[in-house]
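# An overview of the molecular structure
Chain residues, written in single-letter form:
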Amino acid sequence: MTDIIVEVARLEEIIDVRHQVLRHGQPRSSCYYPEDNYKHTVHFAAKLNNEIVGCASIYKESHPDFSLKQSWRIRGMAVYEVFQGRNIGTQLLETCINHAIKQKAHVIWCNARMSAVKFYKNSGFKIIGDEFDIPDIGPHFLMAKNLGIHIGQTRFVEIAKKLLARKNPIPAPQAKINIEKH
Ligand SMILES: CC(C)(COP(=O)(O)OP(=O)(O)OC[C@H]1O[C@@H](n2cnc3c(N)ncnc32)[C@H](O)[C@@H]1OP(=O)(O)O)[C@@H](O)C(=O)NCCC(=O)NCCS
């Protein structure tokens, strides 16, 4: 295949890919995310013969329940179906990771669709926490990759899981059992 070029793009240039791949059949307005307007947001487009075939966006944003400093988030990762499985998504993902590293990120994270978990794992992301559902889209996992904390990936995942669990409320029946035990 001709070489793929990944470069910075304007939001309007990538909306069609987001819409067709991620929100097919839903209103185009659903493809605009609040984070698109953040100060440090960058959109990337993967181009083949000067045509956009994939996109991804990166935001400086901490996960609300997993608030490590210097966190960057990936969102809107999409490659047109006919071009999937040809390493284009990986090039977009690596571009996002490298951008975050240049910005001195400690952590990069995303809410990964269940079908894309393996794709993120291939680039070193780990599952943090339990499966959760996003209405109209389906099951997801929080996934993260340690970029700048000087601990091994295994220890990083342990700490991240603890941070996440601390923020998640204990389900009511379990809390009741614990109280009765003491
Ligand atoms: C997920 C996605 C961005 C990956 O891009 P890609 O260019 O297809 O992926 P690459 O070719 O770089 O990487 C290949 C890996 O991606 C995964 N993959 C390939 N096709 C895929 C598909 N249709 N859906 C999900 N993952 C896929 C596989 O795990 C594959 O790994 P393997 O070869 O070891 O089995 C792309 O498939 C896509 O747009 N899927 C639909 C939208 C989506 O799920 N976006 C992610 C939202 S969190």
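Please read these numbers as outputs of a predicted model, since none were measured by experiment. (Residues numbered from 1 in each chain as written. Predicted model: local features only at pLDDT ≥ 70, side-chain atom pairs only at ≥ 80, totals over all residues. Heavy atoms only, no water.)

## Looking at the side chain of Thr-41
Using the following cut-off: Each helix corresponds to a stretch of at least 4 residues labelled H or I by DSSP, and each strand to a stretch of at least 2 residues labelled E; elements are numbered beginning at the N terminus. We call two N or O atoms a polar contact when they sit within 3.5 Å, provided that within protein one can donate a hydrogen and the other can accept it, with sequence-adjacent residues counted only if both atoms are side-chain atoms. Contacts are residue-level and defined by heavy atoms, with any inter-residue pair within 4.5 Å sufficient.
Looking at the secondary structure, you find Thr-41 in the loop between helix H1 (11–22) and strand E2 (42–48). At 2.7 Å, the side chain of Thr-41 and the backbone oxygen of Glu-35 are in polar contact. Each residue touching Thr-41, except ones within four places of it in the same chain, is listed here: Glu-35, Asp-36, Ile-58 and Tyr-59.

## A few points about the environment of Ile-15
The criterion, for reference: Burial status follows relative accessibility: with a 1.4 Å probe on protein chains alone, a residue under 20% of its type maximum counts as buried, one over 50% as exposed, and anything between as partly exposed.
Following the sequence through the fold, Ile-15 ends up in helix H1. In this structure Ile-15 comes out as buried when scored by relative accessible area, which is 0%. In this structure, the C-alpha to C-alpha distance between Ile-15 and Cys-31, residues 16 residues apart in sequence, is 6.6 Å. Setting aside residues up to four positions removed in sequence, Ile-15 forms contacts with Arg-28, Cys-31 and Tyr-32.

## Let's talk about the site of the ligand
Our working definition: Whether a residue is near a molecule or strand depends on its heavy atoms: if one lies within 4 Å, it is near. In these tables, accessible area is a Shrake-Rupley quantity obtained with a 1.4 Å probe, and a residue counts as shielded only by the protein chains included in the view. Using protein atoms alone on a 1 Å grid, points that fit a 1.4 Å probe yet trap it form a cavity, whereas open point sets bounded by protein on both sides within 12 Å along at least five of seven lines form a pocket; residues with an atom within 4 Å of a point count as lining. What decides whether a molecule sits in a cavity or pocket is whether more than half of its atoms lie within 2 Å of the grid points.
Taken together, 21 residues form the shell around the ligand, and within it Gln-84, Asn-87, Gly-89, Thr-90 and Lys-118 come nearest. Take Gly-85: an N or O atom from its main chain is 2.8 Å from an oxygen atom of the ligand. When the ligand is considered free in solution it has 840 Å² of accessible area, and contact with the protein chains removes 73% of it. Judged by its atoms lying within 2 Å of the grid points, the ligand is housed in the largest pocket. A total of four residues in the shell around the ligand trace back to one element, the largest contributor, which is helix H3 (residues 117–122).

## As for the sheet that holds strand E7 (residues 138–146)
Remark on secondary structure: sheet strands pair via backbone hydrogen bonds, oriented parallel or antiparallel. The condition is simple: A strand pair is defined by DSSP finding two or more bridges across the two strands. Between the N-to-C directions of two axes lies an angle of 0 to 180 degrees, each axis being a line fitted to C-alpha atoms and, for a helix, fitted only over the stretch in contact.
Strand order in this open sheet of seven strands is E1-E2-E3-E4-E5-E7-E6, and the pairing throughout is mixed. The sheet is open, and its two edges are formed by strand E1 (5–9) and strand E6 (126–134), each paired on a single side. Strand-to-strand twist across the sheet, computed as the mean angle between neighbouring axes with direction ignored, equals 25°. Where E1 and E2 come together, five bridges link them in antiparallel fashion. Residue pairing in the sheet places Ala-9 in a bridge with His-43 of E2. Contacts from H1 reach E1, E2, strand E3 (51–60), strand E4 (71–79) and strand E5 (107–113) within the one sheet, and its direction differs from that of E3 by about 100°. Along the sheet, helix H2 (residues 88–102) makes contact with E1, E2, E3, E4, E5 and E7, crossing E4 at roughly 160°.

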